[in-house]
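# Breakdown of the fold
What follows is the residue order along each chain.
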Amino acid sequence: MMVNALQRMLGREVVRTDSWVRQAYGYDATGETGLPAAVVFPRNRGDVQKVLEAANRWGGAVIPRGAGTNLSGGAVPLGDELVLVLTSLNRLEEVDEINATFAAGPGLVNLELQGYLQELGWQFAPDPASQKVSTLGGNVAENAGGPHCLKYGVTTNHILGLEVLLPDGAAVQVGGKVAGWPTYDWLALFAGSEGTLGVVTRILGKLIPLPEEILTILVGFPTLEQAGKAVSAIIAAGVLPAALELMDRRTVQAIEEALAAGYPRDVESVLIVELDGPAGSLGKQGQRVEELARQHGATFLRVAADQREREALWSGRRNAFACLARISPHYSVQDATVPRQHLPVMLRRVVEIAASEGVTVANIAHAGDGNLHPVILYDPRDPESVRRMRRANDRILGECVRLGGTITGEHGVGTEKLAALSLVAGIQERALLHRIRRALDPRGVLNPGRGIPECDSALPSHPSRLTPRYSPAELPVEIPGWQPGRCVRPADMDSLKAVMAGQGPPPPLLVAGRGSRLAEHPWLAQGTSVVLVDGLDSSVKIDGENLTVTAGTGVSCQQLWARLEERGMWCPALPGPSAPGTLGGLLGSGLAGPWAFRFGRPRDWVVGTRAVLPGGVEVRFGGRCVKNVAGYDLPRFLVGSWGSLAVLLTATLRLLPKPQAHAGLLVHLPSGTRMQEVWRGLLRHPCRPDAVLLLEGNGGKCACSGDSWGPGGPRIVMGFLGLEEDVAARCQRMEQLFHRMKVRVQRLDGGWELGAMVSLPDPVPGSGCLLCRLAVPPGGMEAVTRWVSERLSGCYRLSLPLGAAGSLCWREEAGWRKDQLALLRELADLVRRCEGWFRMVWGPWEWRDFLRVPRRGPARLEDAVRRAFGAAGLLVGPGDGERNGEG
Amino acid sequence: MGRETVKADLSREVFGCNRCGFCMAGCPVYRVTGREWDAARGRVALLRLWVDGHLSLDELHETISTCLLCLGCLPHCPAGVRLDRVITLARQGRLEAGRRSWWQQVMFRGLLTSPHLLRWAGRVAPLMTGAGRRLLSIGAARRLLSGLARGIQLLPPRLGPAARSALLKRRTSSPQFYYFLGCASDLVFPGVVRATVRLLEQLGFQVVLSPRQVCCGLPAWAFGDQEAARRQALANMRALSELDIPVLSDCSSCTSTLRHYPDLWPQGTPERARAEAFASRVLELVSFLHQFRDRFRGSGSRKGAVTYHDPCHLSRYLQVREEPRALLRQLGGWEFREAAEADACCGGAGSYAVTQPDLSDRILERKIDALLRTGADVVATVCPACLMQLGYGLRRRGARMRAVHLVELLTRAATFP
Ligand SMILES: Cc1cc2nc3c(=O)[nH]c(=O)nc-3n(C[C@H](O)[C@H](O)[C@H](O)COP(=O)(O)OP(=O)(O)OC[C@H]3O[C@@H](n4cnc5c(N)ncnc54)[C@H](O)[C@@H]3O)c2cc1C
Ligand code: SF4
Ligand code: SF4
């Protein structure tokens, strides 16, 4: 029925039902096979939409498919699905060099994109070993990693926007050319959702400059464990290699036999350590790596002499699985991930398990991430061999979970790990995952039977009928015009659960930490009860070897900072030594610190959370592994949700060794400077800074902070941090860049104070100031700053960082009038035209319409997800202000 | 050979495939279609299903016939699956099932196996194409005879007299090389033939064309007609063994085929031994000329920029990639520019342009795009089939770039004491 109708609609060339065509789409890079009902080759987005609509109408199922290289069975039909082949939607639609973004169809092959970009001096960071064939859509769907994600992060860290066709065929646009849209973090949810929530039809990605210099060091060790230990040592030393890959003897031999890539054959394990950075800055780091390797018993050391030698090494690494296939064409690739310090133990355990099960195993690992890919060779024709392979795999996963690891770091759950998911996700967690899935795909159209296991959709609620104990609390800020309802602080965890089960103050509840960021809360409605949760958990557990910290959300940001500093570490999610509020407040708001340009926002550093759901159930997602694609990426998704979905109890954050050096530059742009030219030169520069902020003030003395901003006119603040030689080199090169543009550069004192300068203190509500948040892509900054300086009077300060949301504060001595509201409207329109976003955080309460976050595209998604969490009606969330319609 | 042996051979060839999909990276057909069955992984998977009895070769007609045999997949395939063998075996399986068309019969068993007919073809070809062009200027005929139309479009606007007769008339006292005359060089690029022979003579080598030489056998081999290919191979080995001298050709496909004659027979057969001895006498022209590279430095005055297209048979079947580039890089007056995907098949692939005109066009478009992006004035290559296809692609775009045989550039640059 459905297939016939589709054939009539789209034609027989687009919808193929020949048996041989269907058989050609019965498999992916995994071992299993199936048979779809038809294979559809959509020519454009419209075709995709029709297929989804038809599937909804007739109850069909659809498997989107890129290149079919995933290793979890994600694209293998289970029976009678439509396979939707997206390879023809492969247009590179735009390379926007001023904003450093690109837009492309989902079928574009990763390496083909890299080819276009390289000609222009850019790259897209995700580089799965399959990059020469896998598609961007597949990379997003699996949240693919790759050798270089150690330094640069995985796919979710590099996408800015997506066009997604929801399971019913409706198109939504999420994200855009700037970061931090005032809605949930949809990119976090869709990246790694394995095609279960929507079909990605357009990808807006981040461009980063190609490194100037690359140093590839090949190290050989007499044992696997020594190599594993060297990995932790290198990272602990503050060297952040671009890649740190490990392979064992068997793998190396297979590679050498197939490709003669240049690896030593007489060692038990090899590490590829690749460093990249500005020209001339790698020598010392290279030496440091060599020293550390020697200290850990390295018996072989060679630096790749040239591009060719490096390419040969990498080609060996990328082809490693397949080279092993020459020994036995059937293999199963495991994707176990452990906290980094357990890598040596895990490697040993893999060998032991293989020996005791009598299977042949080869070890390959993205060692820097603790991500192991043990490859088990087996013979599918021999049931005993298959059984042993399965048993060994199960034991490896069990062991890895026991060590605090996860079942998949980058390959996904697919069909293969549906059962194994329960090793890391309990019944509650699975129920929530399943509810989210059903909320977006009620008819089960997309990728049924894979990704997320079926699970009873009812979230169990807190069993106890206990009356919550809590004390009345006071808010640390007063927001003129806003009258909250009751404000309480639950006394203990059980009380919080009871509150979340609806036994506390009357809903809707507004959850906050200490309340210091309340003024910024996007959904303040009159009379809502406020629950402060800062008193519950303020523990701090630093795992120095793994470079993670697990902290209670009640801990204050300052305290956490200090604890980390004591141990010689820092977390880029924390804005600075003197940031206000609690960790919970920081994560709930998701607001980025000054170093976002290089290090991303808090969401980029969270790898695990423990939270209480509406109903009072406690759940855990993620863990301590830096890579984890088991289930939806809820730890990230919950960041920036303003307590509207769940209460965060603890969070695990990635850390970095404390930087050795800081430096800062300040540039006053002379009038007439083409800002476009500045961005063009700066963004693509391999020595670009780690923090960039464009400031425009009218030169007055700020009434709130008391700071004086010197003469007017736009200026750029740049911050650098890292190893001494690296910071020095980059700082100097940036000075040269501006000198060439004939612009004077001033050095700023380094240290975190620079960070404080970059993240200027916000004015406080009630001070008579008005505060707006806005994000403007570099290409629009010139227009926005010009508008502000020409149209605003009084005292104002506009700060626009790259990579995060900025702010505008404004004060009129004469008080606020209607025509100023019109001005703000004009500015908001301008920002939107520049592809940014704008919202007023506070100002005259009468302008509250303008305070509301405009609900555009994803409103439907917001509602669905709130329902899935059971949060609608209980927790204040998107759209609530409107429903309450105070006054 | 029976069907079962074909199946057994095939299943040995595809045994190593583990479905990693990396072959897609090198497949020109997959690159333009994005369809699984156009890349090696899909072809192999489907043929496995034939071997296991789940699909018939008739059903698999498309996947069997759209392969270019370009081996673009091979360098990407860590398991070393050889699609040339896989696909020719499948085509052989089809022939054995009686799926043979009349024109294949005429070509492989008749025309291409007979020196006389080949000479006659040389005489009538220019007349035929002239007549063909006139016929095809009638729209209706063009639609009816689309394959023929595509074939004729491929040819350069003017066909000169074929090279064979003229070459045979030359008298050489003590030749040092057999010149192996490829059919396309003979009929379509007699100028290339003259340039090659002259260049070799200027280097001091006498060459001779054997009057009994026939087609190298590649077309028959590629179509799965191993029997016909063997016959042609035997005829050539006989014809080119009268003198114990090396063999040279300006056509990379011919050279590669001659070199691979041993593969036509199983290990241990006397024919194979003979073919091995013969193959060792076959030299590759570019590597041979590379030894005399000092003679081809040419003059310094700027002539333009040149890029290079790797013929599949040269770069992957014979593993010659660096020598032609080295020669071009040192060519005085020419600036060498590497093109993207320079070693990707141009979509000519013998009769592919005629049997799969649509795919061939799309593959060619991508090729021409990449060539034009270099901004070069000339693209050099070493195979008349590529020359035809590239020439056609460039003409159709109205591009300024010209396609030439490497030898033509060398001849112009050559200096001799
Ligand atoms: C040899 C080898 C090495 C590999 N190395 C790595 C590695 O280093 N790192 C890594 O992360 N992975 C690696 N992989 C796994 C795989 O290549 C990646 O997961 C890749 O991202 C899959 O891309 P694809 O285009 O092949 O997707 P497919 O396999 O076609 O699809 C993967 C899943 O995504 C869904 N999907 C595909 N496109 C869309 C879309 N547009 N919208 C919604 N859903 C979609 C599919 O339904 C399917 O569930 C490797 C695989 C192989 C064979
Ligand atoms: S590259 Fe080779 S092994 Fe991999 S799928 Fe293709 S043919 Fe099979
Ligand atoms: S031989 Fe060429 S056309 Fe055939 S599968 Fe390989 S790359 Fe593709």
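Residues numbered from 1 in each chain as written. Chains lettered and ligands numbered in written order. Predicted model: local features only at pLDDT ≥ 70, side-chain atom pairs only at ≥ 80, totals over all residues. Heavy atoms only, no water.

## A look at the overall build of chain B
Under the convention used in this document: Numbering of helices and strands runs from the N terminus; a helix is a DSSP stretch of H or I covering at least four residues, while a strand is a stretch of E covering at least two. Here, two residues are considered to be in contact whenever any of their heavy atoms come within 4.5 Å of each other. Surface exposure here means Shrake-Rupley accessible area, sampled with a 1.4 Å probe, where a residue is shielded only by the protein chains that are shown.
Of regular secondary structure, chain B possesses 23 helices and 7 strands. The contacts in chain B between residues at least 6 apart in sequence include a share of 77% that link residues at least 24 apart. Carbon and sulfur atoms provide 55% of the accessible area of chain B, an area that totals close to 16,700 Å².

## Some points on the overall build of chain A
This is how it is decided: Just to be clear, the radius of gyration here is over C-alpha atoms, and the globule rule we use is 2.2 Å times residues to the power 0.38. Only protein chains enter the calculation, and the probe is 1.4 Å; a residue is then buried if its accessible area is under 20% of its type maximum, exposed if over 50%, and partly exposed in between.
Within chain A, the regular secondary structure consists of 28 helices and 39 strands. Expected size for 887 residues packed as a compact globule is a radius of gyration near 29 Å; at 27 Å, chain A falls within 12% of this value. Principal axes of the C-alpha set define a box for chain A whose edges measure 85 × 60 × 55 Å. Buried residues in chain A amount to 64% of all 887 residues.

## Quick word on the interface of chain B and chain A
Note the following rule: Throughout, buried area stands for the accessible area (probe radius 1.4 Å) lost by two parts on being put together, summed over both. Basic side-chain nitrogens of Lys or Arg form a salt bridge, by our definition, when they fall within 4 Å of a carboxyl oxygen of Asp or Glu. Definition of a polar contact: a pair of N or O atoms within 3.5 Å, with one able to donate and the other able to accept a hydrogen when the atoms are protein atoms, and with sequence-neighbouring residues admitted only if both atoms are side-chain atoms.
Each partner contributes residues to the interface: chain B has 32 residues there, and chain A has 37 residues. Buried area between chain B and chain A, both sides added, is near 2,700 Å², and the carbon and sulfur share of it is 58%. Contact with chain A buries area across many residues of chain B, yet R19, F22 and P78 of chain B alone supply 23% of it, more than any other trio. On the surface where chain B and chain A come into contact, there are 3 salt bridges. For E112 of chain A, the salt bridge is made with R366 of chain B, and the minimal N-O distance between the two is 3.4 Å. Remark: the boundary between chain B and chain A carries 11 residue pairs in polar contact (both at pLDDT 80 or more). Elements represented by at least two residues in the side of chain B that touches chain A include exactly helix 2 (28–33), helix 3 (40–51) and helix 4 (61–65) of chain B. Residue contributions to the side of chain B that touches chain A peak at 5 residues, all from helix 3 of chain B.

## Some thoughts on the nonpolar core
Put simply, the rule is: Side-chain atoms within 4.5 Å are what join buried Ala, Val, Leu, Ile, Met, Phe, Trp, Tyr and Cys residues into a set we call a nonpolar core.
With 214 residues, the main nonpolar core has L271 and F869 of chain A as its most contacted residues. Residues F321 of chain A together with V32, Y352 and L359 of chain B belong to the second largest nonpolar core, which totals 46 residues.

## Looking at the site of ligand 2
For the record, the criterion: The criterion for a residue being near a molecule or strand is simple. One of its heavy atoms has to lie within 4 Å of it. Under this grouping Gly is polar, as are all residues other than the nonpolar Ala, Val, Leu, Ile, Met, Phe, Trp, Tyr, Cys and Pro and the charged Asp, Glu, Lys and Arg.
Lining the immediate environment of ligand 2, one finds C17, N18, R19, C20, G21, F22, C23, R41, C77 and A79 of chain B. Split into classes, the residues belonging to the shell around ligand 2 amount to 6 nonpolar, 2 polar and 2 charged.

## Quick word on the confidence of the model for chain B
Just so we agree on the cut-off: Per-residue confidence from the predictor is reported as pLDDT, which spans 0 to 100.
Mean pLDDT over chain B stands at 87; residues scoring 70 or higher make up 85%. Scored as a complex, the prediction yields pTM 0.94 and ipTM 0.90.

## Overview of the packing of aromatic side chains
What counts, and what does not: Two aromatic rings from Phe, Tyr or Trp, using only the six-membered ring of Trp, form a pair when their centres are within 6.5 Å; if the ring planes differ by under 30 degrees the pair is stacked, by over 60 it is edge-to-face, and anything between is tilted. A positively charged side chain is recorded as over a ring if its NZ (Lys) or CZ (Arg) lies within 6 Å of the ring centre. The angle to the ring normal must also be within 35 degrees.
Using the criterion set out here, one finds 20 aromatic pairs over all chains in the structure. Among the aromatic residues, those joined into a cluster by ring pairs are W20, Y25 and F41 of chain A together with W37 of chain B. Across the ring face of W605 of chain A, the terminal group of R654 of chain A is positioned such that the distance to the ring centre comes to 4.3 Å.

## Notes on helix 16 (residues 270–279) of chain B
All names here are of chain B. Our working definition: Relevant arc is that of directions from the helix axis to the C-beta atoms, nothing else.
The set of residues buried in helix 16 consists of R272, A275, F278 and A279. Take helix 16 and look down its axis: the buried residues cluster within an arc of 120°, on one side only. On the buried face of helix 16, the contacting elements are helix 14 (226–239), strand 3 (247–248) and helix 15 (252–259).

## Let's talk about empty space enclosed by the protein
All names here are of chain A. Condition: Only protein atoms enter the 1 Å grid used here. Points where a 1.4 Å probe fits but cannot escape make up a cavity, open sets with protein on both sides within 12 Å along at least five of seven lines make up a pocket, and a residue lines them when an atom lies within 4 Å of a point. Grid points are joined across faces, edges and corners, and a volume is the space filled by probe spheres set on the points.
Summed over the entire model, instances satisfying the criterion amount to 9 cavities of 30 Å³ or more. Lining the largest cavity are 49 residues, and of these T69, N70, G138, N139 and E142 sit closest to its centre. Looking at the lining of the largest cavity, the elements with two or more residues in it are strand 3 (62–65), helix 5 (136–142), strand 10 (199–206), helix 11 (307–318) and helix 12 (320–324). No other element matches helix 5, which puts 6 residues into the lining of the largest cavity. Here the lining of the largest cavity is built from residues that sort into 21 nonpolar, 22 polar and 6 charged.

## A short note on the sheet that holds strand 7 (residues 402–405) of chain B
Strand pairing in a sheet relies on backbone hydrogen bonds, with the paired strands running either antiparallel or parallel. All names here are of chain B. The following threshold applies: DSSP-based pairing: two strands are paired if at least 2 bridges between them are found. For helices, the axis comes from a line fit to the C-alpha atoms of the stretch in contact; other axes are also lines fit to C-alpha atoms, and the angle between any two N-to-C directions lies between 0 and 180 degrees.
The strand order across the open sheet built from 4 strands is 5-4-6-7, with neighbouring strands paired in parallel fashion. In the strand order of this sheet, the two ends are held by strand 5 (334–336) and strand 7, each with one partner. Strand after strand, the sheet turns through a mean of 35° between neighbouring axes, direction not considered. Judged from the 3 bridges that link them, strand 4 (residues 304–308) and strand 6 (residues 378–381) form a sheet pairing that is parallel. Directly across from T307, in strand 6, lies its bridge partner V379.

## With respect to the confidence of the model for chain A
The share of residues in chain A with pLDDT of 70 or more is 94%, and the mean pLDDT across the chain is 90. The low-confidence segment residues 883–887 of chain A (pLDDT under 50) makes 12 contacts with residues lying over four places distant or belonging to another chain.

## Some details on the pairing of strand 36 (residues 770–775) of chain A
Residue and element names in this part refer to chain A. Burial analysis of strand 36 places 6 of its 6 residues in the buried class, which makes it a mostly covered element. Strand direction decides the pairing type here: strand 36 and strand 38 (residues 806–811), joined by 5 bridges, are antiparallel. Along strand 38, the bridge assignment pairs C772 with L808. Relative to strand 39 (residues 837–842), strand 36 is paired through 5 bridges, and the arrangement is antiparallel. Note on strand 39: the bridge partner recorded for L774 is F838.

## What to know about the packing of helix 21 (residues 675–683) of chain A against helix 22 (residues 724–740) of chain A
All names here are of chain A. Heads up, the rule is: Angles below 35 degrees are treated as roughly parallel, those above 145 as roughly antiparallel, those between 65 and 115 as roughly perpendicular, and all remaining angles as oblique. Crossing handedness follows the turn of the near helix against the far one: under a right angle anticlockwise gives a left-handed crossing, and clockwise gives a right-handed one.
Running from N to C, helix 21 and helix 22 point in directions that differ by 150°, and their axes come no closer than 11 Å. The angle between helix 21 and helix 22 falls in the class roughly antiparallel. Crossing of helix 21 over helix 22 shows right-handed handedness. Residue-level contacts link V678, G681 and L682 of helix 21 to M734, L737 and F738 of helix 22. Per-class residue counts for the contact of helix 21 with helix 22 are 5 nonpolar, 1 polar and no charged.

## Observations concerning the pattern of salt bridges
Two side chains carrying opposite charge are able to pair once their charged atoms lie near each other. In this structure the tally under the stated criterion is 81 salt bridges over all chains. Between D379 of chain A and R381 of chain A there is a salt bridge; the shortest N-O distance is 3.2 Å. Look at D379 of chain A and you get partly exposed, because its relative accessible area is 26%. Close ionic contact of E338 of chain B with R325 of chain B constitutes a salt bridge, the shortest N to O distance being 2.8 Å. Residue E338 of chain B is located in the loop between strand 5 and helix 20 (352–355), and its partner R325 of chain B is located in helix 19 (residues 322–329); the two are separated by 13 residues in the primary sequence. Through salt bridges that share partners, E225, R348, R349, E352, E399 and R402 of chain A make up one connected network.

## Considerations on helix 21 (residues 357–373) of chain B
Our working rule: The span one expects for a helix is its residue count, reduced by one, times 1.5 Å.
In this model helix 21 of chain B runs 24 Å from its N-terminal to its C-terminal C-alpha over 17 residues, within 8% of the 24 Å that 1.5 Å per residue would give. Of all the residues in helix 21 of chain B, the buried ones are L359, S360, D361, I363, L364, K367, I368, A370 and L371 of chain B.

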